[in-house]
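# Coordinates in review
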Amino acid sequence: MWEKILVLVWVSSALAEQLCQPDAVEGYRVRLSIKRALGLQAYAWNDDEMFLFRATLAFAMRNHLSNQDFQVSNIIVCDETPRVTFWFVVTSPLNASVLVDKADVEQAVRKSRHRINSAFLLSDQTLEFMGIEPTLAVPVEPEIPPWLIAFGVVTGTVCTGLILVMVSALIQNTCSKTKKKFDEDEEQNDDVWKTAESIPTYDGVYNMSFSDEERFTQM
């Protein structure tokens, strides 16, 4: 019994080594930059983390090919390095000796990329599937529509222009009234001076009779 189990394990390991190799046609290389992404909060990469990676890949394959029952054992990893890089391939649930097409694996990864990244607290730039382009972020819908912002800016500009025109007209009107009143006061003053100048003036006439009386009185 134990001999059969050991033989099966050996056969499985040998088959995995043959299927998963660096630069495999149906394989992908993965590179994780945990320290760069998390800094002092970086976690250590170990067998548990690798199991989680294989489980998330199995989930992604199930999500993409819903008619096939992928298991963790269908995700084969090889050529792992201390800098957390490795290769992986995906075997078919129906035949462990057959690899799943690379295009299907890519579509599965792209479809569940956010879930995979979230599992390791990483992003497309720190959890890289070499050969698979990063997914585009979902565009953020602004709370205020752009057309409403543009309308508000235009309306504000127009209102500001109208206020400036009205204030300018009011100032010009006030200045015009002040100048007109000043001109009227000047004209009135000119009329007064002209009237005063037109009144005739008479020089005094010496009365000789009073002079003679004064002389006889003294004698």
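Let us look at the structure shown here. Since we're looking at a predicted model, the values are computed, not measured.

## So, the packing of aromatic side chains
This structure, assessed with the given rule, holds eight aromatic pairs. Both rings, one in W45 and one in F86, keep their centres 6.2 Å apart while their planes meet at 20°; by these two values the pair is stacked. Here W45 is found in the loop between α2 (34-38) and α3 (47-64), whereas its partner F86 is found in strand β3 (residues 85-90), with 41 residues between them in sequence. With respect to burial, W45 and F86 carry one shared label: buried. On the basis of an interplanar angle of 85° and a centroid distance of 6.1 Å, the ring pair of F88 and F129 is categorised as edge-to-face. Here F129 lies in strand β4 (residues 127-130) and F88 lies in strand β3, a separation of 41 residues in the sequence. Neither residue differs from the other here; F88 and F129 are each classed as buried.

## Quick notes on unusual backbone geometry
In terms of backbone geometry, most residues other than glycine have negative phi values and most peptide bonds are trans. Positive phi, close to 55°, is recorded for D79, a residue that is not glycine. The topology assignment puts D79 in strand β2 (residues 75-81). For D79, a relative accessible area of 42% puts it in the partly exposed group. Its identity as a non-glycine residue notwithstanding, L121 has a phi of 60°, on the positive side. For L121, the position within the fold is in the loop between α5 (113-119) and β4. Note on L121: relative accessible area 57%, which makes it exposed.

The rules behind the values
Residues numbered from 1 in each chain as written. Predicted model: local features only at pLDDT ≥ 70, side-chain atom pairs only at ≥ 80, totals over all residues. Heavy atoms only, no water. Phe/Tyr/Trp six-rings, centres within 6.5 Å; stacked < 30°, edge-to-face > 60°. Helix = DSSP H or I, 4+ residues; strand = E, 2+ residues; numbered from the N terminus. Buried < 20%, exposed > 50% of the residue type's maximum accessible area, 1.4 Å probe, protein only.

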